[in-house]
Amino acid sequence: MRAIELVAWGEALGVTSKEVPWALRARARRLEDIHNDLVRERALLSDAPDEELVVQIAAAARVIAAAASHLENAVSDAHREVG
C-alpha cells in the first residue's frame, strides 16, 4: 500500500494514517463475525423447506469470506507501510 492510499484509507475510515491497520483489522473481524453468523444460520436452516434460501445464505457467506480476505490483505499492506 502506498502512502497516498494509506492517507485515503485514513480519511475514509476517519482515523490517522497510523491507525489504518487497526481500523481495517476491526472491520475485517466484523466481516469474519458476519461470515460465522451466516454459516451458523445456513446450518440451522439446512433442513428448511426453502432450499433457495439456504443456497442464498451459503452464497452470501462465500462473498463475505472473500471480502474479509481482501480486507485482511489490505491490513497486511497497511502494516507494512506504517511499519
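Everything below is about the structure printed above this text.
Keep in mind that what you see is a predicted model, and the values were worked out from it rather than measured.

Enquirer: How should I be thinking about the packing of helix 1 (residues 3-13) against helix 2 (residues 20-44) in this particular structure?
Expert: The relative placement of two packed helices comes down to the angle between their axes together with the axis-to-axis distance. Where helix 1 meets helix 2, the axes come as close as 10 Å, and the angle between the chain directions of the two elements is 55°. Regarding the angle of helix 1 to helix 2, the classification is oblique. Considering only the axes of helix 1 and helix 2, their crossing is left-handed. Contact residues: helix 1 offers Leu6, Trp9, Gly10 and Leu13, while helix 2 offers Val20, Ala23, Leu24 and Arg27. Its residues assigned to classes, the contact of helix 1 with helix 2 shows six nonpolar, one polar and one charged.

Enquirer: I tried to follow helix 1 on my own but got confused; where do I start?
Expert: In an α-helix, one turn spans 3.6 residues, which is why side chains three or four residues apart end up on the same side. If you check which residues of helix 1 are buried, you get Leu6, Gly10 and Leu13. For helix 1, the angular spread of the buried residues around the axis is 75°, confining them to a single face. Exposed residues lying more than 90 degrees from the buried face of helix 1 are Ile4, Glu11 and Ala12. In the core, the buried residues of helix 1 are packed alongside helix 2 and helix 3 (51-82). Just past helix 1, the residue glycine 14 takes up positive phi, approximately 75°.

Enquirer: What is the right way to read the nonpolar core from this model?
Expert: Here is a general trend for soluble globular proteins: nonpolar side chains tend to be buried in one another's company. Ranked by size, the top nonpolar core spans 14 residues in total, and within it Leu13, Val15, Val20, Leu24, Leu31, Leu71 and Ala78 carry the most contacts. For this core, the elements supplying multiple residues, two or more each, are helix 1, helix 2 and helix 3. In terms of residues, this core owes the most to one element, helix 3, which gives six residues. Look past the residues within four positions of leucine 71 in its chain and what remains in contact with it is Trp9, Leu24, Arg27, Ala28 and Leu31.

Enquirer: Teacher, can you tell me more about the environment of histidine 70 here?
Expert: You can see histidine 70 is positioned in helix 3. Judged by relative accessible area, which is 61%, histidine 70 ranks as exposed. Remark: the alpha-carbon pair of histidine 70 and arginine 40, spanning 30 residues in sequence, is separated by 22 Å.

Enquirer: What exactly am I supposed to notice about the pattern of salt bridges here?
Expert: Note on pairing: side chains with opposite charge can pair once their charged atoms come close. Applying the stated rule across the entire model yields four salt bridges. Ionic pairing is found between glutamate 32 and arginine 25, a salt bridge with its closest N-O pair at 3.3 Å. By relative accessible area, glutamate 32 is classed as partly exposed at 28%. Overall, arginine 25 belongs to the partly exposed group, its relative accessible area being 24%. Measuring nitrogen to oxygen at the nearest pair gives 2.0 Å for the salt bridge that ties glutamate 72 to arginine 25. Placement of the pair is glutamate 72 in helix 3 and arginine 25 in helix 2, with a sequence separation of 47 residues. Residue glutamate 72 is classed as partly exposed on the basis of its relative accessible area, which comes to 23%. Taken together, the shared-partner salt bridges connect Arg25, Glu32 and Glu72 into one network.

Reading the values: the criteria
- Residues numbered from 1 in each chain as written.
- Predicted model: local features only at pLDDT ≥ 70, side-chain atom pairs only at ≥ 80, totals over all residues.
- Heavy atoms only, no water.
- Axes fitted to C-alpha atoms, helices over the stretch in contact; angles between N-to-C directions.
- Helix = DSSP H or I, 4+ residues; strand = E, 2+ residues; numbered from the N terminus.
- Parallel < 35°, antiparallel > 145°, perpendicular 65-115°, else oblique.
- Left-handed = near helix turned anticlockwise from the far one by under 90°.
- Contact = heavy atoms within 4.5 Å.
- Nonpolar A, V, L, I, M, F, W, Y, C, P; charged D, E, K, R; others polar.
- Buried < 20%, exposed > 50% of the residue type's maximum accessible area, 1.4 Å probe, protein only.
- Arc of directions from axis to C-beta.
- Core = buried A, V, L, I, M, F, W, Y, C linked by side-chain atoms within 4.5 Å.
- Salt bridge = Lys/Arg side-chain N within 4 Å of Asp/Glu carboxyl O.

Read these as spatial facts, not as claims about activity.
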